[in-house]
Structure formats: structure tokens, C-alpha cells
Amino acid sequence: MFDMIVRDGLWFDGTGAPPQRRDLGIRNGIVAAISAQRLPSGPDTEVIEAEGKWVAPGFVDVHTHYDAELLARPALSESVRHGVTTVFIGNCSLSTILASNADCADFFSRVEAVPRAAVHDVLEAHRDWRTPAEYAAALERLRLGPNVAAFLGHSDLRTHVLGLDRAVTRDTRPSAAELARMQTLLEQAIDAGFLGLSSMTNTLDKIDGEIYRSRSLPSTYARGREFRALNAVLRRRGRILQSAPTINFTPNIWKFFAASSGLFGRKALRTSLLSAADSKAYPPIVFFMMYAAPLLNRFARTDFRWQHLPVPFTVYADGIDLVVFEEFGAGAAALHLKDEVERNELLQDKEYRRWFRKDYDNKFSPRIWHRDFFDATIVACPDESVIGKTIGQVGKDRGLHPVDAYLDLVVEYGTRLRWRTTVANHRRKYLDKLATNPGVQMGFGDAGAHLRNMAFYNYHLRLLERVQAAQGRRKPLMRTEQAIHRLTGELADWYGLDAGHLRVGDRADLVVLDPAGLDQSVHGLHERPMPEFGLNRMVNRNDGAVTATVVNGVTVYREGQFAAGFGTDWGTGQFLRVGRPARAHVEIRHSVGS
């Protein structure tokens, strides 16, 4: 009767309804039966015993940068192993659809801390598309692990229409014909089922390459006329703008609020912005994050959400290779130099150090990083005597300013100096308030980016661990079914995707969780080789939490092991199109000769 039965688990449907103990019967990739009685199995039925476990919709990850990785490693196993069955790509104005391979590598790699050569080589090897529709078709031909939905990136779009030279030049003003071309391409992406447009206005994000290295992302050079033209398409078609406001003394956040507003008879523009966080640099800003969206959505008729990483935002750095240094002049000057010898000469220069100390000590400049080396712990170094100390303490021991101590360590040890700090979400009280806020979406894990700097592939599990621990302390954060709804159905419904639910008739994208595995192991960090990109990436490993991940009715991960050939010989993920039902049954796509 059924291809698969998930037996006797505590079933969550993704709507926030209370869970019930049920058998789930799956046939042809869809949930065919949910029964309080034992469902019959046949000789060919796969049975997943789920007694004592949770059976929930697969998690939705709304903010990844898997755009390059999915071409080389379409299984996206670092997400799938943690129960993620749907990922969004094309965030932060960055997609690999329209611009040339070299241009895409330039504006994608530095800001997302992915090797430029690897991005370029992957595109050269796999690219066979020229339009958004052809790109969607190309993804469907891959042996995808999870389902994929996509934004069209504004930097990608702008570069394609204007050329990279004009796209990153301040005085460029697109002509009427060029704006019309941008609108047409955005319409084509929407027709192909894309989520909408992702943009970026934060000028701290820089591009790579040789010719235009260290200029800000192309979308940051756009002006009001261009934004209004593209927003008009999104508003008319009911699609989403994903972006981030400026971090400077002339904030533009009010422009996003105004654009999203549905006052005066205008249709609201669904807007998702980075990022709701409890910042160490500006602690009071958490109150703005908590109250702005609910009040605006109610009184200004906006349809606005913050994206929020529901865990402490801890980052690691090898030497000086960390994106937060882009936010002030001395740091950006060092990151501009790729040659280590040339960079070390700069870091030893007395005038440069004076400049760095001035930027470090300036407590009134806009910032993401708190700029406190006494809150930066060394975790690896050839000089074992400094491991476990803060960089500030090393400076104190040596009678040096923290900046001089840090630069001395970088000059001597380069990337062999590894350190960490937490830049946001460090206070449980406010982390919990953000996690339950109706104006906040769970997301911003940045999977596939910052490969040496952080790993939040399992933030869904980390939130559930907090929820369960709070219940154990009898100080509940939220009900488990609410947390699962926030990680699944709430997101899929807002973005208009056929995902995030587990009811009769829904596609069988699901995760089987062992609540006993939601322990401190979910917060651990590890390193694993990533040969395609020539480095060790940071990952999460907590195999006791996820018993099985099922994508479109096929078990792809179970009991700590991936199915044989998954992502190389076959895949079950689909390209999800907004407002359209996904295919109920997916044929496993085998490689030639397998």
C-alpha cells in the first residue's frame, strides 16, 4: 500500500497545531495517510521506526549562499544531515545567473569568504544557461539533495545590464532603456518562479578580482530611480525584496519601510531585511529590532520581516581574514592586499598602526564588530602560550596596545593564528525575545559562505534544543509545535512555496528527530575537508539529533549515513517555484552509466 511508513512518531504538521502520535504512510512522494492506527506495510515498504521521536516537516533555510557549491556538490549534505529539505539561494544581491563567470566570481567570493578561483572554476565547468528560466532548468537537471528556491540578485542583474565597470561607478545613471531591460529580466525571473529580487545597500561588502577589487557590491551604487523601478515589478507581481540597510551615519532603513508600506491604497511590498540581532556594538538597538516590524506592519500596513539567526553569532578568523574588518578604513586597506608579503609590510608600518588604533578606539563610528580584543579568544597558534588567552590579555602581558599585539601575531603567524569572538546574540533574554517576535523570521544562517569563519548549518536544531531546555527549567520559551512552525510552515507560507507542511496530500519532505539528541552536542563546531574549494570548512556534527531526512518521499539520510550515491548518482530535490505546486513524485535522476 505504501512506499514508506514512518511508524508511531509524534507528528507535527508545520501549522503550529499540537502534535499527535501517528503513523505516516507515503506513496509516490506524497503523504497518503496519517493514522492513529497501525498502517499495514508490504514486502517492499520502507519502515522508519519513530517511537519516542518527533516527525516534522523538513526545515526551510531562507538564507544560504550555496549558489556555487550546489553546482559542484548538489547534495548540500551539510544542511541535509540536519533535517533541512529546502534552501534559498541568490541572497544579498548575489546570484550567478546573468553576469559573466568572472564578474560573478568577483562580486560573490570576497563578501562571502569563498575562494574566488573555486567559484570561477565551478561556473566555467557547469554553466549552460543564459536566462533565469534556463538557470531554473539547469538546477532541475542537477542531482539535488534538498529542494531549492532562488532570488535574482540585484548585483548580478545590474552588472549584466551595465557592465561591471559602470555597475561599480558612483556617477552611473542607467538610461530609461537600461532600467526597462532590468525590469524585463526581473519579470522573466518571476515568470520562472523566482522568489523575487535580492539587493544590498550596505557598502561594507566588497568585491574581489584585480580590476575593481575593494569596490562595494554593484547594487550599492543604485539610486532611488532604479530601486523604484524594480520594486514596482515586485509589488505588482506580489514577490519579495530581500536586502540589508546601510550601516553608516546616513541610515536608509526608513526607505525600506516606506517602500514596503501599503498605505494610500498601494499594495504592500513584502520585504525581508538583515538582520535582527542583539548587537554587542550597540546593545540598545535590540529594542528597535523587536518593536519596529510589528508596529509598522500594524500601523503603516507594511509586510516587513527581519531575518534572525536564533543562536549566538560567534565568528572565527584566521589571522586578519574576517569580513568585519571591512567596516573601517585600516581593516579594509589590509584586506585589499592579497599578497602576504605586501600585507605584512603594511601591518608593520608605524603610520598604518596609528591609523588602525584610531579606528579601533573610535567608539562612535558605525560598526558590526564591537572592536574589543579583550573579547577575542585565541584558539590556535604556533605559540601555545597564547592559546586560550584573549588578544587583549596578550597585549597586556607584553605591555602593548591590543591592536599592536594583534598585528604582531598576524605578522608572525599569519593564518596560523586562529581566534574567535561573539558579535551578537550573546544575551539569552533578548535572544529568546527575538525568537518569538512576530516581525522576525528564523534564518540568516549563511550556509555555504564564510567557510572558515562560522557554521550555523544546524541552527534549527539549536533553537529546538533551547526550546526543550527552557521547558525543562519550567520557563518555557515557546511550545515545541510553535518552534517547528517558525522553522517550517511559517516561512514557506510567507514566501509562497509548496513546502514546510506535513499533512495528507503534502509532499513528503520530513525530518525524524530524537529529542534526546537535542543536547549540548548541537552547539559543537568541527572541521571537515572541502577538496573542491581547497580548504577545511567549519561544520556541525550532532548525529544523535536527526534520525532520518526524507526529501520528496525518498530517504536520503538515516542513522548518521547518507544513502549510497546520493548527490552524485541521484538526487530528489526540486527547483521550487513560487505559487506553484511542486511535483508530487520525483524520479530519482541517475548519472549516465550508473
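Residues numbered from 1 in each chain as written. Predicted model: local features only at pLDDT ≥ 70, side-chain atom pairs only at ≥ 80, totals over all residues. Heavy atoms only, no water.

**Quick word on the overall build of the chain**
- Along its length, the chain carries 20 helices and 23 strands.
- Expressed as lengths along the three principal axes of its C-alpha atoms, the size of the chain is roughly 75 × 60 × 55 Å.
- Counting all 594 residues of the chain, 62% fall into the buried class.
- Relative to all contacts within the chain whose residues are 6 or more apart in sequence, the contacts with residues 24 or more apart total 74%.
- Within the chain, the 69 negative side-chain charges are centred at a point lying 7 Å from the centre of the 75 positive side-chain charges. (Helix = DSSP H or I, 4+ residues; strand = E, 2+ residues; numbered from the N terminus. Buried < 20%, exposed > 50% of the residue type's maximum accessible area, 1.4 Å probe, protein only. Contact = heavy atoms within 4.5 Å. Lys, Arg positive; Asp, Glu negative; His and termini not counted. Charge placed at Lys NZ, Arg CZ, Asp CG, Glu CD.)

**Notes on the sheet that holds strand 8 (residues 147-150)**
- The parallel open sheet is built from 3 strands, whose spatial order is 6-7-8. Unpaired on one side and paired on the other, strand 6 (59-61) and strand 8 mark the two borders of the sheet. Ignoring which end each strand starts from, the neighbouring axes of this sheet average 20° apart.
- Sitting on the sheet, helix 18 (residues 459-472) is in contact with strand 6 and strand 7 (84-89), with an inclination near 125° to strand 6. (Pairing = 2+ DSSP bridges. Axes fitted to C-alpha atoms, helices over the stretch in contact; angles between N-to-C directions.)

**Remarks on the UniProt feature "domain: Amidohydrolase" (unreviewed entry) in the chain**
- Sites flagged by UniProt as "domain: Amidohydrolase" (unreviewed entry) map to residues 46-199.
- In residues 46-199, helix accounts for 44% and strand for 17%; the two terminal C-alpha atoms are 44 Å from one another. (UniProt positions renumbered as here; feature names shortened; annotations may be inferred.)

**So, unusual backbone geometry**
- Geometrically, the link from Leu274 to Ser275 is a cis peptide bond, its omega value of -10° lying close to zero.
- With respect to the secondary-structure elements, Ser275 resides in the loop between strand 12 (270-274) and helix 11 (285-299).
- We note that Asp446 has phi near 60°; this positive angle belongs to a residue other than glycine.
- Relative to the elements of secondary structure, Asp446 occurs in the loop between strand 17 (440-442) and helix 18.

**Let's talk about the nonpolar core**
- One finds Trp306, Phe325, Phe356 and Tyr406 to be the most contacted residues of the largest nonpolar core, which totals 158 residues.
- Once residues within four sequence positions are removed from consideration, Trp306 is found in contact with Ile253, Leu273, Leu274, Ser275, Ala276, Phe288, Met289, Ala292, Ala293, Gly439, Val440 and Gln441.
- The next biggest cluster of nonpolar side chains, apart from the first, holds 16 residues, and it includes Phe88, Ala149, Ile240 and Trp494. (Core = buried A, V, L, I, M, F, W, Y, C linked by side-chain atoms within 4.5 Å.)

**Observations concerning the sheet that holds strand 15 (residues 377-380)**
- In space, the 3 strands of this open sheet follow the order 14-16-15, with antiparallel pairing throughout. In this open sheet, the two edge strands, each paired with only one partner strand, are strand 14 (313-318) and strand 15. The mean inter-strand angle of the sheet, taken between neighbouring strand axes irrespective of direction, is 35°.
- Of the pairings in the sheet, the one linking strand 15 to strand 16 (residues 418-424) comprises 3 bridges and is antiparallel in character. In the sheet register, Thr377 faces strand 16, and the bridge partner there is Arg420.

**Here's the deal with the environment of Arg38**
- Along the polypeptide, Arg38 turns up in the loop between strand 3 (30-35) and strand 4 (46-49).
- Classification of Arg38 by relative accessible area gives exposed; the value is 66%.
- Separated by 16 residues in sequence, Arg38 and Arg22 place their C-alpha atoms 8.2 Å apart.
- Beyond its immediate chain neighbours, meaning those up to four positions away, Arg38 contacts Arg7 and Asp23.

**What about the pattern of salt bridges?**
- In total, this model carries 40 salt bridges according to the counting rule given.
- With a shortest N-O distance of 3.8 Å, Arg21 and Glu51 are connected by a salt bridge. A residue pair is termed long-range when its members are at least 10 positions apart, and Arg21 in strand 2 (residues 20-27) and Glu51 in the loop between strand 4 and strand 5 (54-57) qualify at 30 residues.
- When its relative accessible area of 54% is taken as the criterion, Glu51 is described as exposed.
- Among the ionic pairs, Asp318 bridges to Arg418, the shortest N-O distance being 2.7 Å. (Salt bridge = Lys/Arg side-chain N within 4 Å of Asp/Glu carboxyl O.)

**Description of the packing of helix 12 (residues 329-336) against helix 14 (residues 350-361)**
- Taken N-terminus to C-terminus, the directions of helix 12 and helix 14 make an angle of 130°; their axes are 8 Å apart at the nearest point. With respect to helix 14, the element helix 12 is oriented oblique. Across the interface between the two elements, Gly329, Ala330, Gly331, Ala333 and Ala334 from helix 12 touch Tyr352, Trp355, Phe356 and Asp359 from helix 14.
- By residue class, the composition of the contact of helix 12 with helix 14 is 6 nonpolar, 2 polar and 1 charged. (Parallel < 35°, antiparallel > 145°, perpendicular 65-115°, else oblique. Nonpolar A, V, L, I, M, F, W, Y, C, P; charged D, E, K, R; others polar.)

**With respect to the confidence of the model for the chain**
- Mean pLDDT for the chain: 95, with 98% of residues reaching 70 or above.
- When the criterion is pLDDT under 50, residues 590-594 qualifies, and its contacts beyond four places in sequence or with other chains add up to 8 contacts. (pLDDT = per-residue confidence, 0-100.)

**Quick word on helix 14**
- Taking 1.5 Å of rise per residue, 12 residues should cover 16 Å, and helix 14 covers 16 Å from first to last C-alpha, within 8% of that figure.
- Turning to helix 14, its buried residues number three or more, namely Tyr352, Arg353, Phe356, Asp359 and Tyr360. Around the axis of helix 14, the buried residues are gathered within 125° of arc, so they sit on the same side. Exposed residues on helix 14 whose side chains face more than 90 degrees from its buried face are Lys350, Glu351 and Lys358.
- Buried positions along helix 14 lie against helix 12, helix 13 (340-348) and helix 16 (402-413). (Expected span 1.5 Å × (residues − 1). Arc of directions from axis to C-beta.)

**Description of the side chain of Asp383**
- The residue Asp383 is located in the loop between strand 15 and helix 15 (391-398) in this model.
- Of the polar contacts made by the side chain of Asp383, one reaches the side chain of Ser385; its length is 2.6 Å.
- Not counting residues within four places of it along the chain, the set of residues in contact with Asp383 comprises Arg398 and Tyr413. (Polar contact = N/O pair within 3.5 Å; in protein donor to acceptor, adjacent residues only side chain to side chain.)

**Considering the pairing of strand 5**
- Bridging between strand 1 (residues 4-11) and strand 5 involves 2 bridges; their strand directions are parallel. In the sheet register, Trp11 faces strand 5, and the bridge partner there is Val55.
- Judged from the 4 bridges that link them, strand 5 and strand 18 (residues 510-513) form a sheet pairing that is antiparallel. Within the sheet, the bridge partner assigned to Trp54 lies in strand 18 and is Leu513.

**Quick word on a negative patch on the surface**
- Taken together, the side chains of Asp339, Glu340, Glu342 and Glu345 present a region of like negative charge at the surface.
- Along the chain, Glu345 turns up in helix 13. (Patch = residues over 30% accessible without salt bridge, like charges linked within 9 Å, V, L, I, M, F, W, Y side chains within 5 Å. Areas by Shrake-Rupley, 256 points an atom, 1.4 Å probe, with all protein chains shown as cover.)

**Quick look at the state of the cysteines**
- A full pass over the atoms with the stated rule returns 0 disulfides.
- Free of any disulfide, Cys92 has its nearest cysteine sulfur in Cys104, 15 Å distant.
- What makes Cys92 buried here is its relative accessible area of 5%. (Disulfide = S-S within 2.5 Å.)

**Here we look at the environment of Val311**
- Turning to its location among the elements, Val311 is positioned in the loop between strand 13 (303-308) and strand 14.
- Not counting chain neighbours up to four residues away, the residues in contact with Val311 comprise Asn425, Leu431, Phe456, Tyr459 and Arg462.

**Side note on the pairing of strand 7**
- The element strand 7 is largely enclosed, with a buried count of 6 among its 6 residues.
- In this sheet, strand 7 lies alongside strand 6 in parallel orientation, the contact comprising 3 bridges. Following the sheet pairing, Asp61 is matched in strand 7 by Val87.
- Inspection of the sheet shows strand 7 paired to strand 8 by 4 bridges, in the parallel sense. When the sheet's bridge partners are listed, Val87 is paired in strand 8 with Val148.

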